[in-house]
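Listed below are the residues making up each chain.
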Amino acid sequence: MILLIRGGKPGDVLIKDGKIAKVGRVSGRADRTVDARGLLVVPGLIDMHVHLREPGREDKETVASGTAAAAAGGFAGVAAMANSGIPCDSAVGVVYLLAMAREAGRANVFPVGAVSKGLKGEELAELGRMVDAGAVAFSDDGNPVMNSELMRRALEYSRMLGKPILSHCEDAHLTRGAVMNEGRVSAELGLRGWPNAAEAAMAARDVYLAALTGGHVHIQHVSAAETVDVVRRAKRLGIRVTAEATPHHLTLTDECLRGYESRYKMFPPLRSRADVEAVVEGVADGTIDAIATDHAPHTMEEKEQELAACPSGVVGLETALGVVLSIKGISLERKIDALSAAPARILGLKSRGRLEPGAEGDVTLIDPRAAWTVDPSKFLSRGRSTPFEGMKLVGRAVRVIVGGRECS
Amino acid sequence: MALDALLSRCRAWKHRHLLGMKDLSKEDILRVLSVAEACDSLRDEHPLKGRRLFNFFVEPSTRTKTSFALAARRLGGEVIDFSPSASSLTKGESLKDTARTIESMGVTFTVIRHGASGAPHFLSRLVESSVINAGDGANEHPTQALLDLLTMKMRLGRVTGLKVALVGDIAHSRVARSNLWALKKLGNDVTLVGPPTLVPRDLDAAITSDLDRALPRQDVVMMLRLQLERMQSGLFPSAAEYVRFFGLTRERVAALKKGAIIMHPGPMNRGLEISAEAADHPRSVVLHQVANGVLVRMAVLLLLSQVAR
């Protein structure tokens, strides 16, 4: 099977038997040709932070609905967090996830195994056997690893496996009962706040543990200016740290909460304008390597409750690209890198995230001028709660090719 | 005053819900106070005949719930009471379904008290009736602020240019927030007094931890209930230490300036934030506050009924 993507920017791409064969000016015969005139042709995008919920919470999302949503949003691959209804804390969970992904046949799924058994933060899970089964990284995401000793051992042990620990940085003692960012708006609204320090202090702990152990720590969903600072300084010291930020933390502030609407509730919470600017700067200068959505679908019944009662989390797969393309202050090259090459690098996906001969045939075609309005009723995800509802965006994915096969 | 004259004063009202003092203008607030004062002279008038008020109290309350019921009945309205223990909320029915179920029985006003900040705002997007916030989490308790203002107006003759100290647990207090927004809009000078663990730094007011220094300057000293039931441990070391720094003791009452009044939204913890001497002192207006509560709630019902569907 030979697929030719012709006429796009930066050039034609020829995919043969699932692998990229040639990039640039391609002539000759193909089984199928895709017209890419006026489109950007980029490495298949990878969202390194997604909650697929299956197995166990198929009412929120399934591997099939989540990977269909991913493909619709331009993602050729997603890293699935371990806190599904039944936690992915053993090789069985990894195998199950990969089987469901194969059956769905949409975006690739890269399983992330739990750091601790049952995500309880007590005992190390079988990291090695999960790698044997196909896990690409480890995380207790959803919960922080509060026990510093366990985090230390996880970083030490995973060094042997060459896989990163993805850290959800939150000092849970500082965030008990929190609903939103701590600051002027939370004081005015009478809502309990989640201070920046709860994230930054844990990020600081984690980078020093990475320094101590030589392990690779990846700071998830950076939301606070102080955290950007922690990562920037750690990188200068040569510590093995990488980081990601979400589209919502790159664009929205806690002012959104003034109407007490649950579609603005997620953890870490939306922060101040100064934090948004610091996170944008962090992505622009490469301190924050990747952009990832923290796609966290919930049912309508769960989200349609008073703010204190509703679960935190919003969907992101089908809005991320348009939102990111609309951000000012980050170059287009850096944006695409943060959505493709950077996550591939962090997760050790050596043959992905690049458009070069020999790489996997994962390609995303983007129309940078397409204007559209976010309408959650059209989402393929089962989750409908998004802070971007009704927003007008410019730029979206028109096609995703996974392993040489058109998936959307 | 005749009912017709009173109702004509209500016509300029624009708000369908009363969610917080944050949403009201200075003119709105003064209008409620003037209608409330006029309500005192209403006798055997029933402008709310045939209208129902749904007293939806998901958190316990004695005075506010009774006060709303009394206000509705004095205007000829009917009251439906909601008691959480006997209700289907405990069976897992959502806030949304409970409110809409009751509302389908024909309700003009839904008065809600709820432990979650923003619950009335959430409800107001789902129901047809006029939603009145009777206290939501640590956010607002607008009718409390209105009755406090009415009490200040009656006792001090004005609700502008006053020096007002709110003392105690500001962080968890919806009464403090509603009073703060309202007092600021009317041009008063507000000081928040309490330990830094109980006073958010980001509120737009003067903040101090020195009660003794602040007291002699105030026209109004409003003591807030120390909400032991909501407090997580570690916000202050002991009741005795709290009284030492922030209790309105007999000695501190003596330091008040001439003409100053002592307020408390109730229920009081006698011997904790307020001493028995202070609570029962001639300067204390605590019982006036309760009586004025019925008047401002009558005013709010009359005003909202102009816009209610």
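Computed from a predicted model, the values in this text were never measured in an experiment. (Residues numbered from 1 in each chain as written. Chains lettered and ligands numbered in written order. Predicted model: local features only at pLDDT ≥ 70, side-chain atom pairs only at ≥ 80, totals over all residues.)

Things to note about the nonpolar core
Generally speaking, a soluble globular protein has its nonpolar side chains buried in company with each other. Residues and elements named next belong to chain B. Core analysis: the biggest nonpolar cluster contains 230 residues, and L166, V221 and A299 have the highest contact counts within it. In terms of residues, this core owes the most to one element, helix α12 (residues 286–305), which gives eleven residues. Among residues more than four places away in sequence, those in contact with L166 are A176, N179, L180, V190, L192, V193, M222 and L224. (Core = buried A, V, L, I, M, F, W, Y, C linked by C-beta atoms within 7 Å. Buried ≥ 20, exposed ≤ 12 C-beta atoms within 10 Å, placed from the backbone. Helix = DSSP H or I, 4+ residues; strand = E, 2+ residues; numbered from the N terminus. Contact = placed C-beta atoms within 7 Å.)

Here's the deal with the interface of chain A and chain B
Interface size is commonly expressed as the accessible surface area that is lost when the partners come together. Taken together, the contact between chain A and chain B spans 14 residues of the former and 18 residues of the latter. Its residues assigned to classes, the side of chain A that touches chain B comprises seven nonpolar, four polar and three charged. (Nonpolar A, V, L, I, M, F, W, Y, C, P; charged D, E, K, R; others polar.)

Quick notes on unusual backbone geometry
Cis peptide bonds are those with omega within 30 degrees of zero, and the linkage from A:E54 to A:P55 qualifies with 5 degrees. Tracing the backbone through its elements, the reader meets A:P55 in the loop between β6 (45–50) and α1 (63–72). The step from B:G266 to B:P267 runs through a cis peptide bond, and the omega angle for that step is -10 degrees. Tracing the chain through its elements places B:P267 in the loop between β9 (261–263) and α11 (276–279). Even without glycine at this site, A:H221 takes up a positive phi of about 25 degrees.

Examining the packing of helix α6 (residues 142–156) of chain B against helix α7 (residues 174–185) of chain B
Residue and element names in this part refer to chain B. Where α6 meets α7, the closest approach of the two axes is 8 Å, and the angle between their N-to-C directions is 55 degrees. What the angle tells us is that α6 and α7 run oblique. Of the two possible hands of crossing, α6 and α7 adopt the one that is right-handed. Facing α6, whose interface residues are P142, Q144, A145, D148 and L149, α7 presents V175, S178, N179 and A182. (Axes fitted to C-alpha atoms, helices over the stretch in contact; angles between N-to-C directions. Parallel < 35°, antiparallel > 145°, perpendicular 65-115°, else oblique. Left-handed = near helix turned anticlockwise from the far one by under 90°.)

Things to note about the sheet that holds strand β17 (residues 392–402) of chain A
Residues and elements named next belong to chain A. As summarised here, the arrangement of the four strands in space is β5-β16-β17-β18, forming an open sheet in which the pairing is antiparallel. Every other strand in the sheet has two partners, leaving β5 (40–43) and β18 (405–406) as the edge strands with one partner each. Judged from the eight bridges that link them, strand β16 (residues 363–373) and β17 form a sheet pairing that is antiparallel. Looking across to β17, one finds that L365 is bridged to R399. (Pairing = 2+ DSSP bridges.)

Quick look at the domain arrangement of chain B
Residues and elements named next belong to chain B. Annotation of chain B at the domain level lists domain 1 (3–140 + 292–305) and domain 2 (142–290). Just the C-alpha atoms count here: the centres of domain 1 and domain 2 sit 25 Å apart. Every contact between the two is made by 24 residues of domain 1 and, on the other side, 23 residues of domain 2. Those elements that provide at least two residues to the side of domain 1 that touches domain 2 are α2 (26–39), β4 (130–136) and α12. Here the side of domain 1 that touches domain 2 gets six residues from one element, more than from any other, and that element is α12. Its residues assigned to classes, the side of domain 1 that touches domain 2 shows eleven nonpolar, seven polar and six charged. (Domains from an automatic or database assignment.)

Concerning α7(B)
Residue and element names in this part refer to chain B. Counted at 1.5 Å a residue, the expected span for α7 with its twelve residues is 16 Å, and the 17 Å between its end C-alpha atoms agrees. For α7, the buried fraction is high: ten of the twelve residues fall into the buried class. Residues of α7 that are buried sit in contact with α2, β4, α6, β5 (163–167), β6 (189–193) and β8 (220–223). (Expected span 1.5 Å × (residues − 1).)

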